[in-house]
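One letter stands for each residue in the lines below.
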Amino acid sequence: MHKRKVRFALGALLVAALFLSAGHAVALDTEVGQTEVRLEGDRALIRTQETNLGNLVTDLMRAETGADIALTNGGGLRDSVEPGPITLENVLEIHPFENAVVTIELTGAEVVEALEHGVSRHPDDWGGFPHVSGIVYSFNTNAEPGSRVQEVRYQGGPIDPEATFVVATNDFLSAGGDEFTMLKKDHLEEFATLESMIISYLQENSPVAPEVEGRIVIYE
Amino acid sequence: MSAAKRARKVSRRNFLKRSGQVVGGVLATGFLGFDLTKLAAQTDDGDASHKLIILHTNDMHGRIEEADGIMGMEYVRSIVRDFRKRYQNVLVLDAGDTIHGRPITNELKGSSTVDCMNLVGYDIMTPGNHDFHFHYEHLLELEERWDLDLISANTFKDGELLFRPYVIKEIGRYRIGVFGLATPATRYTTHPNNVRGLDFGSITEATKRYVRELREQDVDLVISLGHVGFGANNPDDVELLTSNELLKHVDGVDLFVDGHSHDRLPEGEWHGGALVVQAYEYLKDIGVVEVDFSNGKPQFSASLISAAEATESYEPDLEVSEILKDARQRARERILGVGS
């Protein structure tokens, strides 16, 4: 608990510092970036399929941490943003949890296990649905939970179950949140809160225009 | 925290709340009784003393401000005031996930949502998984600030219930028993650190036990107030029953006021002899259940008031507006780092 509080304070300071250094007043309506497309975070979609917001967030998690793979839960992304300016408030609405981004080491087999768990409740709008960067995967929603994932590809080929990967995720999942027990690992590194990371990425990379590109293929 | 330390923390108000299961009886008969005939004359259909109106919300997730498709707390209060004017027997419930989700409440660790709910006059709430977001000890601190009763019949710490399992409200001439249920998934659907040391027990066992206890106390209605969820069961976990599945295995519940799954049930649904209601999400709707006791056996009719209907038919409540304005300013100061 104590540790989390400290981390939250650091996250808040980071947000403030970013704006003060840029010479802007910090208010909830302060613009932190621009998007050329609607960022899709509606509950019914982001908990059941690939969306451009899931791709944007996992891509920036991977870019900012240098991890091989990023994985985050759809239930942690909780709102959409319309095309145009993105405000500080928009970011805090997308991710209101102050979860720290962390890296952990996983084998290819553990990555597959996490994906299996994440799609086990599909098509329910369950918060554990996994958005990914660095890998693409397919699953059959009609198969038995636990044996739905069909293919996981890393750098163009099937993922090696015995190879190890640095995986960026959030500290909710790495604490076993949504019963992702296979992600309960010691952290290699702890980074800023996800909302701070989103803000700093948007400030450097706007306008953004993420797309749905077939990372998650669902067979019915 | 030890039980002794916890006991010292309990305020006088909470001591009074905890010291007896029956609350509100004196107020209901003494205070409201003063004006009964006048109130009755104002109802839609003459004497409504044989009716109970239950207003319910769930899964607001900090959406206390009006927005597109969201009525916000300004309209919730206006609606509740209107019903309290037209009916003498009104009960206002929330099925959880209130204090977290938007900067206006996150930055203030939920206090702005609590203040709004106090103005509205909510009677009873059961905590949802996201109400543990600021750690369960903070939820216990907020409990002191809340005027309502927080109830849960299956949330334990060291083998003891963390909240009161139920409340019996004496409203008009009726005794209404309401018990609370938390989804056992609460242990991993908030950051597990927030609920470390807590146990979330079987909702089947809790329902059987407290339905029996309430029935023994001669209540006229048993309401289950659950942050449990509606629909298909989680196939992985038999303990994670949904409200409708639970009702196949238990008897004696009249009404199940549900949350967690963000379902919109326009007229409720009957399952296992009980009416299940849920009012969607984010204060997009407020639920209304009318219970008519005039024929002995209670008769139910459930409906929803949508945000569009609310904003068309009601004016926003200005006292709530003031709270929201102040909260927005303080949330801004927190983000700037100049607030306390």
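Figured I'd write up the structure that's included with this text. Being a predicted model, the structure only gives us computed values, none of them experimental.

1. Thoughts on the overall build of chain B
And step 1. A tally of helices and strands in chain B yields 13 helices and 16 strands.
And step 2. Burial analysis of chain B (340 residues in total) assigns 52% to the buried set.
And step 3. Within chain B, residue pairs in contact and separated by at least 24 positions form 75% of the contacts whose partners lie at least 6 positions apart.

2. Some details on the overall build of chain A
And step 1. When helices and strands are counted, chain A shows six helices and 11 strands.
And step 2. Here chain A holds 220 residues, and the buried ones make up 49% of them.
And step 3. A fraction of 76% describes how many contacts in chain A between residues 6 or more apart in sequence connect residues 24 or more apart.

3. Section: helix α8 (residues 136-145) of chain B
Residues and elements named next belong to chain B.
And step 1. Residues of α8 that are buried: Tyr136, Leu139, Leu142 and Glu143. Buried residues along α8 cover an arc of 115° about the axis, so they all sit on one side.
And step 2. Where α8 is buried, its residues contact α7 (111-120), β5 (149-150) and β10 (198-200).

4. Some details on the sheet that holds β5(B)
Residue and element names in this part refer to chain B.
And step 1. Spatial ordering of the open sheet is given by β5-β4-β3-β2-β15-β16, a layout of six strands whose pairing is mixed. The sheet is open, and its two edges are formed by β5 and β16 (299-306), each paired on a single side.
And step 2. Where strand β2 (residues 51-57) lies against strand β3 (residues 90-94), five bridges are found, and the strand directions are parallel. Along β3, the bridge assignment pairs Ile53 with Val90.
And step 3. In this fold helix α5 (residues 72-86) packs onto β2, β3, β15 (285-292) and β16, with an angle of close to 175° to the strand it touches most, β2.

5. A few points about the nonpolar core
Generally speaking, nonpolar side chains in soluble globular proteins are found buried as a group.
And step 1. By size, the foremost hydrophobic cluster in this structure holds 95 residues, and its most contacted members are B:Val76, B:Leu93, B:Val120, B:Ile151, B:Tyr166, B:Ile176 and B:Val178.
And step 2. Contact partners of B:Val76, with chain neighbours within four places excluded, come to B:Thr57, B:Met71, B:Val120, B:Leu283 and B:Ile286.
And step 3. Counting residues in each nonpolar core, the second largest holds 53 residues, with A:Ile104, A:Phe172, A:Leu183 and A:Phe191 among its members.

6. What about the environment of B:Ser111?
And step 1. For B:Ser111, the location among the structural elements is in helix α7.
And step 2. Between the alpha carbons of B:Ser111 and B:Ala327 there is a distance of 8.8 Å; along the sequence they are 216 residues apart.

7. Looking at the environment of B:Ser152
All names here are of chain B.
And step 1. Relative to the helices and strands, Ser152 resides in the loop between β5 and β6 (155-157).
And step 2. Put simply, Ser152 and Asp59 are 93 residues apart on the chain and 16 Å apart in space, counted from C-alpha to C-alpha.
And step 3. Those residues in contact with Ser152, other than ones at most four positions away along the chain, are Thr126, Pro127, Leu162, Phe163, Gly180, Leu181 and Ala182.

8. Here we look at the packing of α7(B) against helix α13 (residues 318-336) of chain B
Residue and element names in this part refer to chain B.
And step 1. For the pair α7 and α13, the least separation of the axes is 10 Å and the interaxial angle reads 175°. Considering their axes alone, α7 and α13 lie roughly antiparallel with respect to each other. Two secondary-structure elements touch here, α7 through Ser112, Asp115, Cys116 and Leu119 and α13 through Glu319, Val320, Ile323 and Ala327.
And step 2. Of the residues contributing to the contact of α7 with α13, the split by class is five nonpolar, one polar and two charged.

9. Examining α5(B)
And step 1. The first and last C-alpha atoms of α5(B) sit 22 Å apart over 15 residues, in line with the 21 Å expected at 1.5 Å per residue.
And step 2. Those residues of α5(B) that sit buried are B:Gly72, B:Met73, B:Glu74, B:Tyr75, B:Val76, B:Arg77, B:Ser78, B:Ile79 and B:Val80.

10. Description of the sheet that holds β10(B)
Pairing between the strands of a sheet is mediated by backbone hydrogen bonds and can be parallel or antiparallel.
Residue and element names in this part refer to chain B.
And step 1. Read from one edge to the other, the open sheet built from three strands follows the order β7-β6-β10, with strand pairing classed as antiparallel. The open sheet has two edge strands, β7 (160-161) and β10, and neither has a second partner.
And step 2. Relative to β7, β6 runs antiparallel, the two being bridged by two bridges. Each bridged residue has a counterpart across the sheet, and for Phe156 the counterpart in β7 is Leu161.

11. Digging into unusual backbone geometry
And step 1. Going from A:His122 to A:Pro123, the amide bond is cis rather than trans, its omega being 5°.
And step 2. Looking at where A:Pro123 falls in the secondary structure, it is placed in the loop between α5 (108-118) and β5 (130-133).
And step 3. Note that the residue after A:Ser206, namely A:Pro207, is joined by a cis bond; omega there is 0°.
And step 4. In this fold, A:Pro207 is placed in the loop between α6 (194-205) and β11 (216-219).
And step 5. Positive phi, normally seen in glycine, also occurs at B:His135, with a value near 85°.
And step 6. Given 19 C-beta atoms within a 10 Å radius, B:His135 is considered partly exposed.

Criteria and thresholds
Residues numbered from 1 in each chain as written. Chains lettered and ligands numbered in written order. Predicted model: local features only at pLDDT ≥ 70, side-chain atom pairs only at ≥ 80, totals over all residues. Helix = DSSP H or I, 4+ residues; strand = E, 2+ residues; numbered from the N terminus. Buried ≥ 20, exposed ≤ 12 C-beta atoms within 10 Å, placed from the backbone. Contact = placed C-beta atoms within 7 Å. Arc of directions from axis to C-beta. Pairing = 2+ DSSP bridges. Axes fitted to C-alpha atoms, helices over the stretch in contact; angles between N-to-C directions. Core = buried A, V, L, I, M, F, W, Y, C linked by C-beta atoms within 7 Å. Parallel < 35°, antiparallel > 145°, perpendicular 65-115°, else oblique. Nonpolar A, V, L, I, M, F, W, Y, C, P; charged D, E, K, R; others polar. Expected span 1.5 Å × (residues − 1).

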